[in-house]
Number of protein chains: 4
Amino acid sequence: MWPDLAGRLVDGGHRLPIRVYFEDTDFSGIVYHGAYVRFIERGRSDFLRLAGVLHADLAAGGYGEALTFAVRALQMEFLRPARIDDLLVVVTRLEAVSGARVVLHQQIEKAGEIVVDARVTVAVLNGAGQPRRLPALARSRMLAVSTPPSGEPA
Amino acid sequence: MWPDLAGRLVDGGHRLPIRVYFEDTDFSGIVYHGAYVRFIERGRSDFLRLAGVLHADLAAGGYGEALTFAVRALQMEFLRPARIDDLLVVVTRLEAVSGARVVLHQQIEKAGEIVVDARVTVAVLNGAGQPRRLPALARSRMLAVSTPPSGEPA
Amino acid sequence: MWPDLAGRLVDGGHRLPIRVYFEDTDFSGIVYHGAYVRFIERGRSDFLRLAGVLHADLAAGGYGEALTFAVRALQMEFLRPARIDDLLVVVTRLEAVSGARVVLHQQIEKAGEIVVDARVTVAVLNGAGQPRRLPALARSRMLAVSTPPSGEPA
Amino acid sequence: MWPDLAGRLVDGGHRLPIRVYFEDTDFSGIVYHGAYVRFIERGRSDFLRLAGVLHADLAAGGYGEALTFAVRALQMEFLRPARIDDLLVVVTRLEAVSGARVVLHQQIEKAGEIVVDARVTVAVLNGAGQPRRLPALARSRMLAVSTPPSGEPA
């Protein structure tokens, strides 16, 4: 059904197609590295959306206290350039989920080749910025749409 | 056919659905006004894409000299707020096209209500930043997918 | 005293120097038009800062209810290009201030020439997004550092 | 001398003060993690600027072929939140420089505490996106303003 913006849950992961626009490029002619940080955040948001975990619900207290996700750590390798008008795909996979942290492996593909490889650690914070346990319901929803992450902590 | 990212040409205009992500919001809790400037640029790019006019072709000299579009003037009214996870639609209509300039009327809708109303004047520049005539082929491609703009100059 | 980031109140207006970085450019080789929207917002914020009106104070209820500024209308003309490493100056002048709205005239200069000319209308919103009167103290602080705007409403 | 935007070379490293504006925050109320990616890029650009290595010169062929820096790898830890109006300092230190790659250690401080810790690997590309050796003059200029990086390759 159109509009169809949230990507697809496939093979235990999530695929989000993204178009490169003017705003994503820089004067060197290729995509600005900071744009990929935004792209993989969109991938995580839509992975969560299709799993049934919405930022707006978390912030509105739908899981108890008002909560937001916050990125704790980011590791990225920029392997190939992308350019204006390119069609990219952000692939997101749950790598580990514990009581307090979620680790995701994310790759950005272009015509089947890997442009960016990333690993992102996310935590849950309350409105005062204090770390909170990932709500059990949010956790089970993420796991339900994922290939069981290896070495998954209890 | 999926991915289906470039929107639709309908009723002599163009409609592009856009999702609001973290990157688009600010600490006041709503969408940052500068994000809408990026959203309408995506709308113009995809209007051109479906009309058959690609930034990459222009830049590669596909219309003669290497060319890019540059925004000359921007008028925007911000009428309602939008928030994280919202689904917006950018509506783009050709308002006037002359030898050197293109004027577009753009609106951003949310659930049928107008969030932003904008009028954008775009010019064509060569690689040295000098104004150039809009290539006739690009112009006819834009007109072919548009309701005849009122008072269209020759 | 260093760091000296907030610009200068001079001649009844405000001047904020800004450097062009990678993030501000696009593949056409010049500054992305959306970057200027961010630049003039920085100018307005630092004009307010030197006038003694802080976003953080407004949001924390320092003027009564929690308040934020929201942009209502934006008119911009893009007159000349700017490039990576360029040093720009955002000039901000109060043009009109009423009970509910503030209008600012802003220009971006490069080596004494005008790159962008803008007029911005700003309103005050409470936490629920409802319009509120500009607090009298904030208004008087803005006027105290400005050349009396012509046709200033009561 | 004002404007004084490029920071300071001190203690074998570089310090760049940065103000947090609206554009840098998100609806969770704190600075968006992607904004820090832009902040440390500004730090690297101004470290290079004060070392005498300008992006514009590189791109114009001032070191032979037209060259740009490209980020190859990024490791970031987000340790504390920052908020609107905060004054941050980006500290940049050269960690290793070889013929083809530059590794920088960067930290973002707020009131003396570390908000972000980052390690960035940068390479040099020509206009076709091919890797090139770092020009010897650029390399020696970077080393001249740096504490000798440990284990510096020849």
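Residues numbered from 1 in each chain as written. Chains lettered and ligands numbered in written order. Predicted model: local features only at pLDDT ≥ 70, side-chain atom pairs only at ≥ 80, totals over all residues. Heavy atoms only, no water.

## Regarding the overall build of chain A
Cut-off, in case you're wondering: Secondary structure is summarised from DSSP: a helix means a run of H or I of at least four residues, a strand means a run of E of at least two, and numbering begins at the N terminus for each. Here the globule rule is a power law, 2.2 Å times the number of residues to the power 0.38, and the radius of gyration is based on C-alpha atoms. Each residue is assigned to one of three classes by its accessible area relative to the maximum for its type, calculated with a 1.4 Å probe on protein chains only: buried under 20%, partly exposed between the two thresholds, exposed over 50%. Throughout, a contact is declared for two residues whenever any of their heavy atoms are within 4.5 Å. All accessible-area figures derive from a Shrake-Rupley calculation using a 1.4 Å probe, and residue coverage is judged against the displayed protein chains alone. In this tally, Asp and Glu contribute negative charge and Lys and Arg positive charge; neither His nor the terminal groups of the chain are included. By convention, charge coordinates are those of NZ in Lys, CZ in Arg, CG in Asp, or CD in Glu.
Across its full length, chain A carries three helices and seven strands. Ordered by position in the sequence, the α and β elements of chain A form the string β-β-α-α-β-β-β-β-β-α. The C-alpha atoms of chain A give a radius of gyration of 16 Å, which matches the 15 Å a tight globule of 154 residues would have. Judged by the C-alpha coordinates and their principal axes, chain A covers about 45 × 35 × 35 Å. Here chain A holds 154 residues, and the buried ones make up 59% of them. Residue pairs in contact within chain A that sit at least 24 positions apart in sequence constitute 64% of those at least 6 positions apart. As presented, chain A carries roughly 5800 Å² of accessible surface, and 53% of it is formed by carbon and sulfur atoms. Taken together, the 18 basic and 17 acidic charged side chains of chain A have centroids lying 5 Å from each other.

## Structural notes on the relation of the copies chain D and chain B
Rules: Least squares is the method used to superpose the copies, on C-alpha atoms of residues holding a pLDDT of at least 70 in both.
Its rotation angle being 180°, the transformation that places chain D on chain B also includes 0.0 Å of axial translation and leaves an RMSD of 0.0 Å. Such a combination of turn and shift is consistent with a two-fold rotation axis. No C-alpha of chain D lies nearer the rotation axis than that of Asp26 of chain D, which sits 1.9 Å from it. Of the residues that chain D buries at the interface, 100% are likewise interface residues in chain B, meaning the two copies contact each other through the same surface.

## Points about the relation of the copies chain A and chain B
With an RMSD of 0.0 Å, the operation that places chain A on chain B is a rotation of 180° combined with a shift of 0.0 Å along the axis. An overlap of 100% is found between the interface residues of chain A and their copies at the interface of chain B, pointing to a shared contact surface.

## Focus: unusual backbone geometry
One non-glycine residue with positive phi stands out, namely Asp85 of chain A, at about 75°. Summarising the element assignment, Asp85 of chain A is placed in the loop between β3 (67-78) and β4 (87-97).

## Details of the interface of chain A and chain B
Filter applied, for reference: The term buried area denotes the loss of accessible surface (1.4 Å probe radius) that occurs when two parts are joined, taken as the sum for both partners. One speaks of a salt bridge when a side-chain nitrogen belonging to Lys or Arg is within 4 Å of a carboxyl oxygen belonging to Asp or Glu. For this analysis, a polar contact is any N or O atom pair within 3.5 Å, provided that within protein one partner can donate a hydrogen and the other can accept it, and provided that sequence-adjacent residues contribute only side-chain to side-chain pairs. Residues are sorted three ways: Asp, Glu, Lys and Arg are charged, Ala, Val, Leu, Ile, Met, Phe, Trp, Tyr, Cys and Pro are nonpolar, and all the rest, Gly among them, are polar.
Counting residues at the interface gives 27 residues for chain A, matched by 27 residues for chain B. Summing both sides of the interface, chain A and chain B together bury roughly 2700 Å²; the carbon and sulfur share of this comes to 61%. Joining chain A to chain B, the criterion identifies six salt bridges. Note that Arg49 of chain B is salt-bridged to Asp85 of chain A, the shortest N-O span being 3.1 Å. For the pair chain A and chain B, the interface holds twelve residue pairs in polar contact (both at pLDDT 80 or more). Listing elements by their share of the side of chain A that touches chain B, those giving two or more residues are β2 (13-19), α1 (33-51) and α2 (55-59) of chain A. It is α1 of chain A that provides the largest number of residues to the side of chain A that touches chain B, a total of six residues. Of the residues in the side of chain A that touches chain B, the class split is 13 nonpolar, three polar and eleven charged.

## Topic: the pairing of strand β5 (residues 101-110) of chain A
Residues and elements named next belong to chain A. Condition: A pair of strands is labelled paired if DSSP reports no fewer than 2 bridges between them.
Buried residues dominate β5, accounting for eight of its ten residues. Direction of pairing for β4 relative to β5: antiparallel, over a ladder of eight bridges. Counted as the bridge partner of Val90 is Ile108 from β5. Connecting the antiparallel pair β4 and β5 is a turn made up of three residues.

## What to know about the pattern of salt bridges
Under the counting rule described, the total for this entry stands at 48 salt bridges over all chains. Salt-bridge contacts for Glu95 of chain A lead to Arg119 of chain A; the nearest nitrogen and oxygen are separated by 2.7 Å. Here Glu95 of chain A is found in strand β4, whereas its partner Arg119 of chain A is found in strand β6 (residues 113-126), with 24 residues between them in sequence. Residue Arg119 of chain A is classed as partly exposed on the basis of its relative accessible area, which comes to 29%. Linked through salt bridges whose partners overlap, the residues forming this network are Glu23, Asp24, Arg38 and Arg42 of chain A together with Glu23, Asp24, Arg38 and Arg42 of chain B.

## Some remarks on the environment of Ala6 of chain B
All names here are of chain B. Topologically, Ala6 is positioned in the segment before β1 (8-10). Distance from Ala6 to Arg42, taken between C-alpha atoms, is 9.0 Å for residues 36 residues apart in sequence. Excluding its chain neighbours within four sequence positions, the residues that come into contact with Ala6 are His14, Leu16, Asp46, Arg49 and Leu50.

## Considerations on the side chain of Ser146 of chain B
Relative to the elements of secondary structure, Ser146 of chain B occurs in the segment after α3 (136-144). Setting aside anything within four residues of it in sequence, one finds Ser146 of chain B in contact with Gly12, Phe47 and Leu94 of chain B.

## Comments concerning the interface of chain D and chain B
With eight residues of chain D at the interface, the matching set in chain B holds eight residues. Around 880 Å² of area is buried between chain D and chain B when both sides are counted, 76% of it from carbon and sulfur atoms. Of all residues in chain D, Phe22, Phe27 and Tyr32 of chain D give up the largest surface area on contact with chain B, accounting jointly for 60% of the area buried on that side. Seen at the junction of chain D and chain B, the total is zero salt bridges. At the junction of chain D with chain B, the criterion picks out four residue pairs in polar contact (both at pLDDT 80 or more). Across the side of chain D that touches chain B, the residue classes break down as four nonpolar, two polar and two charged.

## Details of helix α3 (residues 136-144) of chain A
Residues and elements named next belong to chain A. Stated formally: In this context, the arc is that of the directions from the helix axis out to the C-beta atoms.
For α3, the set of buried residues is Ala138, Arg139 and Met142. Buried residues of α3, seen end-on, are gathered within an arc of 100° and therefore sit on one face of the element. Opposite the buried face of α3, by more than 90 degrees, sit the exposed residues Ala136 and Ala144.

## Comments concerning the confidence of the model for chain A
Where we set the bar: The pLDDT value tells you how sure the predictor is about a given residue, anywhere from 0 up to 100.
When the pLDDT values of chain A are averaged, the result is 92; 96% of them are 70 or greater. As a predicted assembly, this complex carries a pTM of 0.95 together with an ipTM value of 0.92.

## Some thoughts on the packing of aromatic side chains
What describes a pair of aromatic rings is the distance from one ring centre to the other and the angle between the planes of the rings. What counts is decided by this rule: Two rings from Phe, Tyr or Trp (for Trp, the six-membered ring) form a pair when their centres are within 6.5 Å of each other. A pair whose planes differ by under 30 degrees is stacked, one over 60 is edge-to-face, and the rest are tilted.
The full count for this structure, using the stated rule, is twelve aromatic pairs over all chains. Note on Tyr36 of chain C and Phe39 of chain C: the rings are 6.0 Å apart at their centroids and 90° apart in plane angle, and the pair reads as edge-to-face. Of the two residues, Tyr36 of chain C and Phe39 of chain C both sit in helix α1 (residues 33-51), three residues apart, roughly one turn of that helix. Its relative accessible area of 3% is what places Tyr36 of chain C among the buried residues. Members of the aromatic cluster, each reached through a chain of ring pairs, are Tyr36, Phe39 and Phe78 of chain A.

## Section: the side chain of Thr92 of chain B
Structurally, Thr92 of chain B can be placed in strand β4 (residues 87-97). Other than its neighbours up to four places away in sequence, Thr92 of chain B contacts Gly13, His14, Gly43, Arg44, Phe47, Leu104, His105 and Gln106 of chain B.

## Observations regarding the packing of helix α1 (residues 33-51) of chain B against α1 of chain C
When two helices pack together, you describe them by how their axes are tilted relative to each other and by the distance separating the axes. Heads up, the condition is: Angular values range over 0 to 180 degrees, each being the angle between N-to-C directions of two axes fitted as lines to C-alpha atoms, with helices fitted over their stretch in contact. When an angle is under 35 degrees it counts as roughly parallel; over 145 it counts as roughly antiparallel; between 65 and 115 it counts as roughly perpendicular; any other value is oblique.
As a packed pair, α1 of chain B and α1 of chain C sit with axes 9 Å apart at the nearest point and diverge in direction by 170°. In terms of axis orientation, α1 of chain B runs roughly antiparallel to α1 of chain C. In contact with His33, Gly34, Val37, Glu41 and Arg44 of chain B of α1 of chain B, α1 of chain C contributes His33, Gly34, Val37, Glu41 and Arg44 of chain C. Classifying every residue of the contact of α1 of chain B with α1 of chain C by side-chain character gives two nonpolar, four polar and four charged.

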